[in-house]
Amino acid sequence: MHPYGNQIMRSHYCGAITTSNIDDTVTLCGWVDRRRDHGGVIFLDLRDREGIVQVVFDPDTDEHFQRADRVRSEYVLKVTGRVRARSEATINPTMATGEIEVLGKALEILNAAETPPFQLDEYTNVGEEVRLQYRYMDLRRHEMQERLMLRSRITTAVRNFLDGERFLDIETPILTRATPEGARDYLVPSRTHPGEFFALPQSPQLFKQLLMVSGFDRYYQIAKCFRDEDLRADRQPEFTQIDIETAFLDEQAIMDITERMIRELFRDVLDVDLPAFPHMRYSEAMERYGSDKPDLRIPLELVSVDDLMQQVEFKVFRGPADDPAGRVAALKVTGGASISRKEIDVYTDYVAVFGARGLAWIKVNDIAAGIEGLQSPILKFMPDEIVAQMMERLGAADGDIIFFGADRAAVVNEALGALRLRVAQDLGLVGEGWAPLWVVDFPMFEEDPAGGWTPLHHPFTAPSGSIDELQAKPGECLSRAYDMVLNGTELGGGSIRIHQREMQEAVFRILDIDQEEAQEKFGFLLNALQYGAPPHGGLAFGLDRLVMLMVGASSIRDVIAFPKTQSAACVMTNAPGAVSTQQLRELNIRLRQNSSEDGTKA
RNA sequence: GGACCGGUAGUUCAGUUGGUUAGAAUGCCGGCCUGUCACGCCGGAGAUCGCGAGUUCGAGUCUCGUCCGGUCCGCCA
């Protein structure tokens, strides 16, 4: 007896029928994936989330055969039939259910369907706009079903792991208050407080810290977060974090637990054993890879040559080499001498995007021939001796090309760091597999253009030094933050938080948040820190990015059921949309301009 | 806010130096077909060339503007 009695219309999933069901009578519900009409026999491929099975109708079942004749793609059917083995000659080895088929006895059309707006098969590339407009159709495609089912397995595995580690799932508000830090807030007007607004949370950061103050010790939540900033392939205005916070654990313990979580996740879901997670200091990551999220699958590294360039006249290199805030670095690309002048021009344009004012290069044709074996427009500006030392340092070999960046260190790191990724991609130098690491010892602050300080992580991150050290030299102070990086993507980041009011106030002072503003915006946090806040810290993973990597997608839109376009709109629902003047009046809102007739609808 | 790429049958694309009736594939519709599985064969329908100006005897094609989608920079504690 089926536990749900006759409420269940189907006896099996299409994709789950095997040779063990031979001679069983089954009832299937699904969509018509394809119909092949041979006149005297009709094949229907019936699809549900578990897969596809072939159903055969022949004229013996006249009424049902006639119905099968009327059926079209994406009709929703209920089919009852008998499972039978296919004859040797008709077995389809490319199909999971290819050894069997269902001989249809009864066919009920549960719903007809219009011709789909695009073909759902795997052979047609469909533009993303159409896919998003008919997302409910797009999600029927096998590829999307797989991705979302894997996403579900991932969140389930995460929940099971954290539950097993005695973490508590606690929800935090979606309607909260705006904070002056960080990204632009999504705002929600309050009807009951005219002229005031809620903000949607950029993350549950403060709430989870307060839960630590409350004694919940180990918290997690799979939480929606909202940031009103411009979109990218890996950025949506609403996205999901695996949010974690603990009390009485230091950073090493937190990294251990979360690393174990990711490791078990990959084993459970992908059957992959991740390699060791090396710990790399932020400074080393910037020095060697020009990035705080290095892709360790790529065997190219930046090498500083400032000391050598301090000995040349060539101003373009000499200037940044002498400047403490400057950097001259080389990127040796093994086998890159085959890159043409035209391609170098393309790379030059590419690094210009990051502020680089040029891209110097040296091709190594014959290293044994010394300076004669090198080819470059900049050699004439350098003494042979310096060039020779540089080749030695870089370990240059025949067939290499060396690119140079010389500018402010930030520009050089960004430009050569990006070039490293681009060239590796173009030349197929990105290794296979998974390359995780922890990046640690981040600076507390970085200098903003106005000369002030902004936090590298967020203003609640604990510094590794004392208040005095912090105030004396904010630019040199390190934080107790850590990022998990996988294949060049920042999967998650976290820190030990400040749990003492004095320290939190000191950080606010450095960030130029005065006492009044601190009290106004963060008074509840400062107060809480006085009522027995335990040492605490945590981490948040970007679930969408994690799933994207695990399914091999190139955009997080492909692992989100209903994502937004780059302009942060939904082409299916047409959100955002206008609202009635009545709604606006209730919210005490008047639009600044009546944007013609469609500005509001009555 | 900025740079670049794209927008032509339902879909994916082609469209030459500005020149006759805008093509292909696939899908769709009709007919035939009892073993196909991206079935096959025959026939048919299907286009506001994103939108608006401009240049020209003539614009899918050139120019300007605009909208939409995408990649990236800025932005994203």
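Computed from a prediction, not measured in an experiment: that's the story for all the values here.

A. A look at the confidence of the model for chain A. Averaged over every residue, the pLDDT of chain A is 94; residues scoring 70 or more account for 97%. Low pLDDT, under 50, characterises residues 594–602; the predicted model gives this stretch 13 contacts beyond four residues in sequence or across chains. Model confidence for the complex is summarised by a pTM of 0.95, with the ipTM given as 0.94.

B. Representation of the protein's contact with RNA strand B in the model. Around RNA strand B, the structure places 51 residues, and the nearest of them are Arg 34, Asp 37, Thr 90, Gln 119 and His 457. Among all atoms of RNA strand B positioned within 4 Å of the protein, those belonging to sugar or phosphate total 52%. Interatomic distance of 2.4 Å between a side-chain N/O atom of Gln 119 and a sugar or linking oxygen of RNA strand B. Taking Val 353, its main chain carries an N or O atom lying 3.5 Å from a sugar or linking oxygen of RNA strand B. Secondary-structure elements contributing two or more residues to the surface near RNA strand B are β1 (25–37) and α2 (128–133). For the surface near RNA strand B, the residue count by class is 15 nonpolar, 20 polar and 16 charged.

C. Looking closely at the environment of Leu 110. With respect to the helices and strands, the residue Leu 110 is situated in strand β5 (residues 100–111). When its relative accessible area of 31% is taken as the criterion, Leu 110 is described as partly exposed. Each C-alpha atom, one on Leu 110 and one on Gly 30, is 9.4 Å from the other, the two residues being 80 residues apart in sequence.

D. Examining the sheet that holds strand β4 (residues 76–85) more closely. Sheet architecture is closed into a barrel: 5 strands sit in the order β1-β2-β3-β5-β4, paired in mixed fashion. Mean inter-strand twist for the sheet, computed between neighbouring axes without regard to direction, equals 55°. Along the sheet, helix α1 (residues 62–70) makes contact with β1, β2 (42–48), β3 (51–57) and β5, crossing β5 at roughly 75°.

Cut-offs and rules
- Residues numbered from 1 in each chain as written.
- Chains lettered and ligands numbered in written order.
- Predicted model: local features only at pLDDT ≥ 70, side-chain atom pairs only at ≥ 80, totals over all residues.
- Heavy atoms only, no water.
- pLDDT = per-residue confidence, 0-100.
- Contact = heavy atoms within 4.5 Å.
- Near = heavy atom within 4 Å.
- Polar contact = N/O pair within 3.5 Å; in protein donor to acceptor, adjacent residues only side chain to side chain.
- Helix = DSSP H or I, 4+ residues; strand = E, 2+ residues; numbered from the N terminus.
- Nonpolar A, V, L, I, M, F, W, Y, C, P; charged D, E, K, R; others polar.
- Buried < 20%, exposed > 50% of the residue type's maximum accessible area, 1.4 Å probe, protein only.
- Pairing = 2+ DSSP bridges.
- Axes fitted to C-alpha atoms, helices over the stretch in contact; angles between N-to-C directions.

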